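# Coordinate inspection notes
As a plain string of letters, each chain reads:
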Amino acid sequence: MKLTNTYRQKLLNAIIFFTKNVKKPSKLKIFKLLYFLDFEHFRITGKSVTGLDYYALDFGPVPMDLFGQISDNKVPEDFRKYVSILEFNKQDGNKKGGLFKIKESVKVDFDVFSPREQQIMNQLIEVYRDVDASMISEISHIKNQPWDKTRKYKGSGKKIDY
């Protein structure tokens, strides 16, 4: 990969890893996995993995910069040869958003991650592989956790402090 920013490399590779290893990798589900990854790593080390900032929106923590880049189901130019986003099928109901899809032959570059980061990612897959997006969203809303505390003390739409 030719991405020069380490955080950007980690973000792309985390998206690839999660998309390859969970069922129905919707944008919502991937956003929540990135949130769990960043906040768990921060809890242990004092640093996030992806460098994303998350905001306490009504439907949970959202990485607003990434959300803005893919809100129309198009991926940023530097991600295009690795990943795309497909519209939901009609059988998925009236869901908004889309599903991440990895281009053929794209592999995760594990060299960008520390052993601890890889361990956390693997633990998240073990827990959330088969969980649907609505359940993972509910989990991100647990009382007295960062999203809940931010909404309670700062208000909706505010940045969640690590």
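Structural data are supplied above this passage.
These lines cover the structure that appears in this document, whether it is placed above or below. (Residues numbered from 1 in each chain as written. Predicted model: local features only at pLDDT ≥ 70, side-chain atom pairs only at ≥ 80, totals over all residues. Heavy atoms only, no water.)

Once that is clear, we can look at the overall build of the protein. When helices and strands are tallied, the protein shows six helices and four strands. Going from the N terminus to the C terminus, the protein shows its helices and strands as α-α-β-β-α-β-β-α-α-α. The C-alpha atoms of the protein give a radius of gyration of 15 Å, which matches the 15 Å a tight globule of 162 residues would have. For the C-alpha atoms alone, the extent of the protein along its principal axes is close to 45 × 40 × 30 Å. The long-range fraction of contacts in the protein, counting pairs at least 24 apart against all pairs at least 6 apart in sequence, stands at 63%. Taken as a whole, the protein presents about 9200 Å² of accessible surface, with 49% of it coming from carbon and sulfur. (Helix = DSSP H or I, 4+ residues; strand = E, 2+ residues; numbered from the N terminus. Rg over C-alpha atoms; globule rule 2.2 N^0.38 Å. Contact = heavy atoms within 4.5 Å. Areas by Shrake-Rupley, 256 points an atom, 1.4 Å probe, with all protein chains shown as cover.)

Quick look at the pattern of salt bridges now. For the coordinates displayed, the defined rule picks out nine salt bridges. Residue K10 pairs with E117 through a salt bridge whose shortest N-O separation is 2.8 Å. In this pair, K10 sits in helix α1 (residues 6-21) while E117 sits in helix α4 (residues 115-128), placing the two residues 107 residues apart along the sequence. With a shortest N-O distance of 3.3 Å, D161 and K154 are connected by a salt bridge. Judged by its relative accessible area of 40%, K154 is partly exposed. (Salt bridge = Lys/Arg side-chain N within 4 Å of Asp/Glu carboxyl O. Buried < 20%, exposed > 50% of the residue type's maximum accessible area, 1.4 Å probe, protein only.)

What follows covers the packing of helix α2 (residues 27-45) against α4. Their axes nearest at 10 Å, the elements α2 and α4 cross at an angle of 135°. Classified by the angle their axes make, α2 and α4 are oblique. Note that α2 runs across α4; the crossing there is right-handed. Along the contact surface, α2 presents K29, L33, F36, L37, E40, H41, I44 and T45, while α4 presents R116, E117, I120, M121, L124 and Y128. (Axes fitted to C-alpha atoms, helices over the stretch in contact; angles between N-to-C directions. Parallel < 35°, antiparallel > 145°, perpendicular 65-115°, else oblique. Left-handed = near helix turned anticlockwise from the far one by under 90°.)

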